[in-house]
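# Inside the fold
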Amino acid sequence: MAHDNDIAIIGWNISPMVRNTEHTEAQMLLEVITGAVTDAGITRKEVDFTCAGSCDYVAGQAFSFVQNIDAIGAWPPKRDSHVEMDGAWALYEAWLRLQMDDIDIAVAMGSGRSSTADPELIYSMEMDPYYLAPLGADAMSFAAIQARALLDAGKVTERQMAEVAARTRRDGKSRDYNQVTGDFDVDALLATDYVRAPLRRHDLPPITDGACAMVIARADKARELCENPIWITGFAHYSELHNPGMRDLRSSNSTTLAAKAAGIEEGPIEVAEIQSAFTHEEPLLVEALGLGPDTVINPSGGPQAANPIMATGLVRIAEAAGQIRDNGKHRTLGHSTSGPCLQQNLVCILEGGK
Amino acid sequence: MAGTVESTIKFPYKRSLGPVLGAFMTALTEQRIMGIRSGGRVIVPPLEWDPDTGVELAHDFVDVGPAGTVESWTWVAKPTAQHPLDHPFAFALVKLDGADTALMHAVDAGSIDAMSTGMRVAPRWKAERKGHITDLDAFVPGETPETHEGGGAEEPVTMMDYDATITYRIPTTANQLRSDQASEQGRFLGLKCPICNRTYTGGRGYCPIDAIELGEEHEVDLPQKGVITNYTIITPTPYPGQTATEPFSRVHVWLDGTDVVLGYQTLLDVPNDDVHIGMRVEAVWASEGEKVDKDPRMEGNLIGFLPTGEPDNTDPDLVNRLH
Ligand SMILES: [Zn+2]
């Protein structure tokens, strides 16, 4: 099943997910990188390439990623890169870089402290600067508009959305790092007021500070270092038009294309960890991925239980990997998304075995 | 938590609009909403490229609306400072009559009960229009636009302003706090790494070489004297926050017996022509609690560095010590 030029996940670490961290972003990364390389049974010295995902607008500082390099232990100098995207895309770049065949081990990471400013104000700055940003168009409003499009189309109900919130936050109790978990009564949730109609408070992700790091290696090195490498058998991302007014919000074409390109149809997916930050996004993404009722969705609690912007997607892939290493699963999926109303979508398919 | 530092960052962007967005913004000043033809479709707001193929579109503009239909919407009960209205409103996707795509904008409906998918809305224009998406003040329920006397811009609109402001509250780490306190007392606090023996300033809390945490047990007081390893003469250009008007120097100071080079420091009482590498300098601090007129970017109570008058350090490699 694994080929000589395949690449495998051999270690990772997820930080505590909190509303207000006292750590700097570099300190958060320091801890998760140490955790990830320890998990992989290596040291920083053996890492040939690093790629980080973070956001200057979230950090409140231009070139904030330069300080984060301190967490890597970049002496002697390392090959390093950065994406202004979720750590899942940093992993994608690291995966591509290893395929150049000249180096063996890479670390990908994602980090963000959303607590330091109002995420609503930050998000709108990242939108189209002519038509959307000057309106202060924020993530919650975009999500609410897409939720209503799905409700109007009969593709989801407000009760289903509340059920997603209750299920994921109940399942999220299984992870010590999570931020918002517990047992919630669906009828009680539905009795609460809208925050941004048709979204209620339970439909929204928490505001989270956190980080995640992951170690990947080429096949020979992965087998040498790891008894049970988790193979990345498919990895793809697609993007759609930016402006949500020009898209059909009742579907997610880029998700479907990414899933097909990653080879989702080659076998059943036992667990999918998807970046459905808003409850209505779960049924939409599950349909776009073509998953059936046998696939378990977000047993970690997903972004509903902890939503560290810039790391949420990488945490999904780490959780999907954990299902294979620690929970006996064979084929799982991690998904990440970016942009208003699920503009861009990434699918990473993982398999166990030698 | 040790505390937070609050800082407000302004983002005063000026953007050029180009031939398509410029035409759209100019039409807004004339209280018209304009789309662009792309194959058989009319795209509103107009794009420069065919969204399906990426091919550049001919500038075949067409007026749409003025009224349109709400395709989806949300109710904003508590607007942010960046939202177009300061009272509760709807954000909606409005498909204007004659358009094939929807324009996102505000609907000033008064109440959530007045909103529904499929409702008809028309634009309410601002009295003062400058070629900006908010010249369209908001949509209002109904078929009738609310317009004003008077024409549009005298010249085609080519630029637009986008001003955003975000306030950050950055937590201060315990290391940073102790470093700040030392600075208030006229001391440089360093952190000495037990692995590589390098010394760091500024309370960053880790060794970037060995990637280990450094804390209170690794703290050391650093010397007050050092040598200039490099410098630059800055000719001020106007930008927000720049108050200097005459050229001034910034120097890198390598503190004696350490690995610490403090970058971009203020050098006091030295004419720009006399600044040179190898000059011996000493830190000058304001006394605790004293209010001084100093560069706000300098740490704590450090005013800057003064020459000691000692003979120069003539090591030719000094220039390479930038950090
Ligand atoms: Zn060290």
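Rules of the game
The numbers attached to residues start from 1 for each chain and follow its sequence in the written order. Here the convention is simple: chains get letters from A, ligands get numbers from 1, in the order in which they are written. Thresholds applied to this predicted model are a pLDDT of at least 70 for local features of residues and 80 or more for the giving and counting of side-chain atom pairs; totals over whole chains, interfaces and linings are not thresholded and use all residues. The basis for every side-chain value is the complete set of non-hydrogen atoms in the structure, without hydrogens or water. Each helix is a run of DSSP H or I of at least 4 residues and each strand a run of E of at least 2, with the numbering of both proceeding from the N terminus. Pairs of residues are marked as contacts when any of their non-hydrogen atoms sit within 4.5 Å. Put simply, buried Ala, Val, Leu, Ile, Met, Phe, Trp, Tyr and Cys residues joined by side-chain atoms within 4.5 Å make one nonpolar core. Residue burial is assigned from relative accessible area. The probe radius is 1.4 Å, only protein chains are included, and a residue is buried under 20% of its type maximum, exposed over 50%, and partly exposed in between. One less than the residue count of a helix, multiplied by 1.5 Å, gives the span that helix is expected to have. Either an automatic procedure or a domain database provided the assignment from which the domain bounds are taken. When two parts are put together, the accessible area they lose, computed with a 1.4 Å probe and summed over both, is reported as buried area. Here, a salt bridge means any Lys or Arg side-chain nitrogen found within 4 Å of an Asp or Glu carboxyl oxygen.

## Here's the deal with the side chain of B:His218
Residue placement: B:His218 occurs in the loop between β14 (212-213) and β15 (219-222). Those residues in contact with B:His218 that lie beyond four places of it in its chain are B:Gly190, B:Leu191, B:Lys192, B:Pro194 and B:Glu213.

## Comments concerning the nonpolar core
Counting residues in each nonpolar core, the largest one holds 73 residues, and the members touching the most others are B:Ile33, B:Leu96 and B:Phe139. The greatest single-element share of this core, amounting to seven residues, is contributed by strand β6 (residues 89-96) of chain B. Judged by nonpolar contacts, the second largest core, of 38 residues, contains A:Trp95, A:Ile230, A:Ile317 and A:Ala321.

## Regarding helix α1 (residues 18-29) of chain B
All names here are of chain B. Taking 1.5 Å per residue as the helical rise, α1 with its 12 residues ought to reach 16 Å, and the 16 Å between its terminal C-alpha atoms agrees with that figure. Counting buried residues along α1, nine of its 12 residues qualify, which places the element largely inside the surrounding structure. Those residues of α1 that fall on the buried side of the exposure criterion are Val-20, Leu-21, Gly-22, Phe-24, Met-25, Thr-26, Ala-27, Leu-28 and Thr-29. Tucked inside the fold, the buried residues of α1 contact β2 (33-38), β4 (61-64), β8 (120-125) and β10 (159-171). Once α1 finishes, Gln-31 follows within two positions and takes phi at roughly 60°, a positive value.

## What about the domain arrangement of chain A?
All names here are of chain A. Looking at the assigned domains, one finds that chain A contains domain 1 (7-116 + 207-230) and domain 2 (119-206 + 231-351). Once you take the C-alpha centre of each, domain 1 and domain 2 turn out to be 22 Å apart. Contacts between domain 1 and domain 2 engage 45 residues on the former and 41 residues on the latter. Contact between domain 1 and domain 2 buries roughly 3500 Å² in total, counting both sides, with carbon and sulfur atoms accounting for 72%. Linking domain 1 with domain 2 are one salt bridge, by the criterion used here.

## Overview of the pattern of salt bridges
Scanning the model with the defined rule gives 37 salt bridges over all chains in all. In this structure, A:Asp70 engages B:Arg204 in a salt bridge whose closest nitrogen and oxygen atoms are separated by 3.2 Å. Pair noted here: A:Asp70 is in the loop between α3 (64-68) and β3 (79-83) and B:Arg204 is in the loop between β12 (199-201) and β13 (206-207), and the two residues belong to different chains. With relative accessibility at 14%, the residue A:Asp70 sits in the buried group. Classification of B:Arg204 by relative accessible area gives partly exposed; the value is 31%. As a salt-bridge pair, B:Arg120 and B:Glu143 come within 2.7 Å of each other at their nearest N and O atoms. One end of the pair, B:Arg120, is in strand β8; the other, B:Glu143, is in the loop between β9 (136-141) and β10, with 23 residues separating them in the sequence.

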